[in-house]
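Chains, contacts and geometry: an overview
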Amino acid sequence: MISMDAVTKNFGNFKALDQVDLHVAKGSVYGLVGPNGAGKTTLLKILAGVYRPDGGAVSVDGVPVYENVDVKQRMAFIPDELHFLPLATPKSLAAFYGDIYREFDWERYRKIQGILELDERQKVSKMSKGMRKQVSFWLSMACRPDVLVLDEPVDGLDPVMRRQIWSLLLQDVAERQMTVLVSSHNLRELEDVCDHVGILNKGKMLLERDLDEMKSDIHKIQVAYGPDVAPGVLEEREVSLDILKKERSGSVSTYIVRGAKAEVEPVVLSLSPLLFEFIPLTLEEIFMYEIGGAGYEVKNILL
Ligand SMILES: Nc1ncnc2c1ncn2[C@@H]1O[C@H](COP(=O)(O)OP(=O)(O)OP(=O)(O)O)[C@@H](O)[C@H]1O
């Protein structure tokens, strides 16, 4: 559905994006994560057609995005920083979008109004940050886009509203296969809603994976061996494991290991541990490790 191939973007001599590939399947919720300055906003702005890439190809359903009105009819973009004209109200904006977007749905506009409880005649410039964010979701969802691009979407929303908004979005994903590309630092939240994740670091895509697959490839394990296991033997066996981090507290060792569960388990079990437990890793922990491996300074945050 969304395809970015070898996309490059320079700001003067600075390469903000360097040969980035990104692929999002129809009906998928794809989380784009990465440290500050990684290039996430730049990438989303290129997809939304705000920036023109210096190299590479960006398409939706095989059709190039840049300055293509037909493709943009099917897309909505909620940027990190929102800008509204001083006199704009939700109602005047809805009339504006209703003229531009062929699929604008007034019934949905009314329905979402009932959920958000905002006054459609109030000037958006006089609303709070969170209320302005709500307005942008309200209007975007009423446009019934096939592709929704979100940059830090729930920043400024209270916890109840976050749930409400995500539930509205996921309803559209389930019912009409809307595709969502979302950039966020809130990995806890992304973990609940995304099926795919891309990690961007210093303008390069570090990895793009199915979230479940990603989780099945890296594990945290806790192990304690009996006194009859000679330390030398243990070290020998550990060589066959791809251990990313090791920490010991008393007789219990905690390891972060890369590899499938079926590969890790027999190695550890062969030493008849007294304690052996797989502990699920969160997306946040995986992010720390993948980024850590790429040279980002992360010190002992994990264990
Ligand atoms: N208009 C611009 N002119 C010059 N440099 C820019 C411009 N926009 C972004 N950059 C630079 O490109 C890099 C990537 O910025 P970008 O905003 O895409 O990062 P980001 O991943 O969204 O970061 P954050 O998580 O902090 O929002 C940064 O080094 C930034 O300074």
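The name an unreviewed UniProt entry gives the protein chain is ABC transporter ATP-binding protein, with Anaerotalea alkaliphila as the organism. On record in UniProt, under Sequence similarities (unreviewed entry), the comment for the protein chain is "Belongs to the ABC transporter superfamily."

Across all of its chains, the model carries 18 salt bridges by this definition. Residue Asp155 is joined to Lys129 by a salt bridge in which the shortest nitrogen-to-oxygen separation is 3.8 Å. Here Asp155 is found in the loop between β7 (147-151) and α6 (159-176), whereas its partner Lys129 is found in helix α5 (residues 129-142), with 26 residues between them in sequence. In this structure Asp155 comes out as partly exposed when scored by relative accessible area, which is 34%. Among the ionic pairs, Glu189 bridges to Arg162, the shortest N-O distance being 3.6 Å. Pair noted here: Glu189 is in helix α7 (residues 187-193) and Arg162 is in helix α6, with a separation of 27 residues, a long-range link. The exposure class assigned to Glu189 is buried, which follows from its relative accessible area of 16%. Each member of the salt-bridge network shares a partner with another, and the members are Asp61, Arg74, Arg108, Asp146, Asp172 and Arg176.

What follows concerns the nonpolar core. One finds Leu148, Leu150, Leu169, Val180, Val182, Ile199 and Met214 to be the most contacted residues of the largest nonpolar core, which totals 53 residues. A domain-level breakdown of this core finds at least three residues from each of domain 1 (2-202) and domain 2 (214-300). Here Leu148 is in contact with Ala76, Ser140, Met141, Leu169, Met178, Thr179, Val180 and Leu181, once residues within four sequence places are set aside. Counting 25 residues, the second largest nonpolar core, distinct from the first, contains Tyr30, Leu32, Ile46 and Leu47.

With that settled, consider the domain arrangement of the protein chain. Looking at the assigned domains, one finds that the protein chain contains domain 1 (2-202) and domain 2 (214-300). Inter-centroid distance (C-alpha atoms) of domain 1 to domain 2 is 38 Å. Each partner contributes to the interface: domain 1 provides 10 residues, whereas domain 2 provides 11 residues. Both faces combined, the contact of domain 1 with domain 2 buries some 950 Å², and carbon together with sulfur accounts for 76% of it. The largest contributions to the domain 1 side of the interface with domain 2 come from Leu187, Glu191 and Ile199, which together make up 52% of the buried area. Ionic pairing is found between Lys215 and Glu191, a salt bridge with its closest N-O pair at 2.4 Å. Counting across the interface, domain 1 meets domain 2 through two residue pairs in polar contact (both at pLDDT 80 or more). Listing elements by their share of the side of domain 1 that touches domain 2, those giving two or more residues are α7 and β9 (196-201). In terms of residue count, the dominant contributor to the side of domain 1 that touches domain 2 is β9 (four residues). Considering only residue class, the side of domain 1 that touches domain 2 consists of seven nonpolar, two polar and one charged.

Scoring rules and cut-offs
- Residues numbered from 1 in each chain as written.
- Predicted model: local features only at pLDDT ≥ 70, side-chain atom pairs only at ≥ 80, totals over all residues.
- Heavy atoms only, no water.
- UniProt positions renumbered as here; feature names shortened; annotations may be inferred.
- Salt bridge = Lys/Arg side-chain N within 4 Å of Asp/Glu carboxyl O.
- Helix = DSSP H or I, 4+ residues; strand = E, 2+ residues; numbered from the N terminus.
- Buried < 20%, exposed > 50% of the residue type's maximum accessible area, 1.4 Å probe, protein only.
- Core = buried A, V, L, I, M, F, W, Y, C linked by side-chain atoms within 4.5 Å.
- Domains from an automatic or database assignment.
- Contact = heavy atoms within 4.5 Å.
- Buried area = accessible area lost by both parts, 1.4 Å probe.
- Polar contact = N/O pair within 3.5 Å; in protein donor to acceptor, adjacent residues only side chain to side chain.
- Nonpolar A, V, L, I, M, F, W, Y, C, P; charged D, E, K, R; others polar.

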